[in-house]
Amino acid sequence: MLLRDLGYTVTEASNGREALDLLDRPGSEPDLVMTDVVMPEVGGRQLADALHERKPDARVLYFSGYADDAGRA
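A quick note: this is a predicted structure, and the numbers were derived from the prediction, not measured. (Residues numbered from 1 in each chain as written. Predicted model: local features only at pLDDT ≥ 70, side-chain atom pairs only at ≥ 80, totals over all residues. Heavy atoms only, no water.)

Another aspect to go through is helix α3 (residues 44-54). Among all positions in α3, only Gly44, Leu47, Ala48, Ala50 and Leu51 are buried. With its buried residues spanning 165° around the axis, α3 presents them on a single face. Exposed positions of α3 whose direction lies more than 90 degrees from the buried face are Arg45 and Glu53. Buried positions along α3 lie against α2 (16-23), β1 (32-36) and β2 (59-63). (Buried < 20%, exposed > 50% of the residue type's maximum accessible area, 1.4 Å probe, protein only. Helix = DSSP H or I, 4+ residues; strand = E, 2+ residues; numbered from the N terminus. Arc of directions from axis to C-beta. Contact = heavy atoms within 4.5 Å.)

Okay, structure coming up:
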């Protein structure tokens, strides 16, 4: 909602496969893809690789809900 409020066009996908399908839609040329590292069906790295095949200059922001090392020094 914040990105939309700031004027960005946001397209959502519920999993990696759906995100790949969105990349193949006519007119779909994202400047930034925000993706979880681990997703059902297609992982974030695979999604990023597919994105860069279509649009090499697009950027990817990875995030993850996993925090195995959180708080360790």
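Bringing the packing of α2 against α3 into the picture now. Put simply, α2 and α3 touch, their axes get as near as 10 Å, and they point 5° apart. Taken together, α2 and α3 sit at an angle that is classed as roughly parallel. The residues of α3 that touch α2, namely those facing Gly16, Ala19, Leu20 and Leu23, are Leu47, Ala50, Leu51 and Arg54. When its residues are assigned to classes, the contact of α2 with α3 shows 6 nonpolar, 1 polar and 1 charged. (Axes fitted to C-alpha atoms, helices over the stretch in contact; angles between N-to-C directions. Parallel < 35°, antiparallel > 145°, perpendicular 65-115°, else oblique. Nonpolar A, V, L, I, M, F, W, Y, C, P; charged D, E, K, R; others polar.)

Turning to the pattern of salt bridges, a few remarks are in order. The final tally for this structure, using the stated rule, is 4 salt bridges. Ionic pairing is found between Arg45 and Asp49, a salt bridge with its closest N-O pair at 3.3 Å. Of this pair, Arg45 and Asp49 both sit in helix α3, 4 residues apart, roughly one helical turn. (Salt bridge = Lys/Arg side-chain N within 4 Å of Asp/Glu carboxyl O.)

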